[in-house]
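Coordinate analysis (summary)
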Amino acid sequence: MDELLEVFAIKDAFHEYGCSDLCNASLALLRAMGYPIKFHSDAGNQKIENFIYFTVQNKSHYSAQEMMYLKQIETASFLCEIEYRDLADKHESSDDTIVFLAVETNSSKKDRSEDSFYISQILSKTYNGFVVLIIKNADHIMFCANIDEQITCMSEWYSINSTCMDLFPICAVCYPYISGVRTVRDFFYELAYGFSRDYIRYPESYEFVAYQALPYIESDTVDSFVSREQIKEIAEKTHNFYKEKYGYDYVYPDDDFEVLLEEDNEWTLLELDDFELPDEELDDDDNEDNEYDNDIEEIDYSDIDDETLNNPVKLLKWLEQRDKEASSE
């Protein structure tokens, strides 16, 4: 009975996406799912540039490939953060948190899942906690969470006009039904895998592909011996089961895609490439006129605190202030 009441509440929350803004509708959805929302940002819906450079916890650098996917986001919102003390069965203390974000994308229907897949990977680095996304595309909603470099969990796409029967799977990841977990990490895994598509929870293997088809073998062969060759033939015929089921919503991960992390130091090379001028492009006149040499001023960063050094926005302001002071002397 309680589950029935919850699915009615979820259905009403989904309808909010048609008449309210992304942030408020997403908060209404989390409340309908029973999540303890104690505080949230007043910033509401933001352009993605403002969100990633001013709102998120970790001010990061982004590669050109990452920015290509981030530009598919119309608006982004911080929704709430759940700590270990919010868990129903809390047995140990930790600093882990689960951060809920909402984003609205302008991707085409055939690209919506792939874009969401990489957006989840990129935004996972913007907070220290585990990040769960509620993604809106046109009139459909999806949940998405990045587990690690290999696994990104995605739910089905649900229409904002879905019926109660359509929304029953979401009840499995309502807050009251995730119980028996000891840590925030365990809660996050239960949540992420709970809303995941079948091909994420049950990856195709030779055995799965072969034996999931056994119930559909023609009746005249049921009582006879099924040979290894027959099983192999069945597997070859059915190995595209998920791909055919999901069509363009089936995501093939790109092994060449990498999230740019601060510890990689690759971002410095990317930025310096924009300023380097090859030697062959410098003629003798330019060298004489500009008196080009290697006497480049070295900046002393020893007096700068770590927070400023790790924050590109604050570091830029520090450099601007330093130049102003130098020019006034």
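One structure accompanies this document, and this report is about it. Position labels on residues start from 1 in each chain and follow its written sequence. A pLDDT threshold of at least 70 governs which residues receive local features in this predicted model, and a stricter bar of 80 or more applies before side-chain atom pairs are shown or counted, although totals over entire chains, interfaces and linings include all residues. Calculation of side-chain values draws on the structure's entire complement of heavy atoms; hydrogens and water are dropped beforehand.

A look at helix α2 (residues 22–32)
Here α2 lies mainly inside the structure; 8 of its 11 residues are buried. Exposure categories follow from relative accessible area, calculated using a 1.4 Å probe and restricted to protein chains: below 20% of the type maximum is buried, above 50% is exposed, and the middle band is partly exposed. Strands here are runs of E lasting at least two residues and helices are runs of H or I lasting at least four, both read from the DSSP assignment and numbered beginning at the N terminus. Turning to α2, its buried residues are L22, C23, A25, S26, L27, L29, L30 and A32. Polar contacts, as counted here, are pairs of nitrogen or oxygen atoms within 3.5 Å of one another; within protein the pair requires one atom able to donate a hydrogen and one able to accept it, and residues that are adjacent in sequence qualify only if both atoms are side-chain atoms. The backbone nitrogen of C23 has a side-chain oxygen 3.1 Å away, supplied by the residue at the start of α2, namely D21. Downstream of α2 by one or two residues, G34 has phi in the positive range, about 85°.

Brief notes about the state of the cysteines
Whenever a pair of cysteine sulfur atoms sits within 2.5 Å, that pair is classed as a disulfide. Counted according to the given criterion, the structure contains 0 disulfides. We note that C153 lacks a disulfide partner, and the nearest cysteine sulfur, in C144, lies 8.1 Å from it. With no disulfide of its own, C164 has C171 as its nearest cysteine by sulfur position, at a separation of 9.0 Å. In this structure C164 comes out as buried when scored by relative accessible area, which is 15%.

Let's talk about the side chain of S162
By the element assignment, S162 lies in the loop between β6 (158–159) and α6 (164–167). Overall, S162 belongs to the buried group, its relative accessible area being 5%. Separated by 2.5 Å, the side chain of S162 and the backbone oxygen of S159 make a polar contact. When neighbours within four sequence positions are excluded, S162 is seen to be in contact with K11, H15 and L167. Pairs of residues are marked as contacts when any of their non-hydrogen atoms sit within 4.5 Å.

Digging into the nonpolar core
Working definition of a nonpolar core: buried Ala, Val, Leu, Ile, Met, Phe, Trp, Tyr and Cys residues. They are joined through side-chain atoms within 4.5 Å. One finds I10, Y35 and F100 to be the most contacted residues of the largest nonpolar core, which totals 81 residues. Of the residues forming this core, the biggest block, 7 residues, is contributed by α2. Once residues within four sequence positions are removed from consideration, Y35 is found in contact with L30, I82, F100, V173, C174, Y175, I178, F187 and L191.

Focus on the pattern of salt bridges
Every case where a carboxyl oxygen of Asp or Glu lies within 4 Å of a side-chain nitrogen of Lys or Arg is listed as a salt bridge. One pass over the full model with this rule turns up 7 salt bridges. For K136, the salt bridge goes to E104, with nearest N and O atoms at 3.5 Å. Separated by 32 residues along the polypeptide, K136 in strand β3 (residues 130–137) and E104 in strand β2 (residues 97–105) bring together distant segments of the chain. A relative accessible area of 11% means that K136 is categorised as buried.

With respect to the packing of aromatic side chains
Aromatic rings from Phe, Tyr and Trp, taking only the six-membered ring of Trp, are treated as a pair when their centres fall within 6.5 Å; an angle between ring planes under 30 degrees marks them as stacked, one over 60 as edge-to-face, and anything in between as tilted. Counted under the stated rule, the structure contains 19 aromatic pairs. Taking 6.2 Å as the distance between ring centres and 80° as the angle between the ring planes, the aromatic pair formed by Y53 and Y62 counts as edge-to-face. For Y53, a relative accessible area of 30% translates into the label partly exposed. Taken together, the ring pairs in this structure connect Y199, Y242, Y246, Y250 and Y252 into an aromatic cluster.

Looking at the pairing of β3
The buried fraction of β3 is high, at 8 of 8 residues. We call a crossover right-handed when, viewed with both strands directed away from the observer, the connection leading from the first strand over the helix to the second proceeds clockwise. Handedness of the crossover joining β2 and β3 through helix α5 (residues 112–123) is recorded here as right-handed. Across 6 bridges, β3 lies against strand β4 (residues 140–146) in antiparallel orientation. In the sheet register, I134 faces β4, and the bridge partner there is F143. At least two bridges found by DSSP between two strands is the condition for calling them paired.

Some words on helix α3 (residues 48–55)
Of the positions making up α3, those classed as buried are I48, F51 and I52. Down the axis of α3, the smallest arc covering the buried residues is 85°, so these residues share one side. Summarising the contacts, the buried residues of α3 are in contact with α4 (64–70), β1 (73–83), β2 and α5. Here the arc refers to the set of directions running from the helix axis out to each C-beta atom.

Looking at the environment of E6
Within the secondary structure, E6 sits in helix α1 (residues 2–16). Given the relative accessible area of 15%, E6 is considered buried. Sequence-wise, E6 and G34 are 28 residues apart; in three dimensions their C-alpha atoms are separated by 8.5 Å. Once you skip the residues sitting within four places of it in the chain, E6 turns out to touch A32, C174, P176 and Y177.

It is worth stressing that arrangement in space is one thing and function is another; only the former is reported here.
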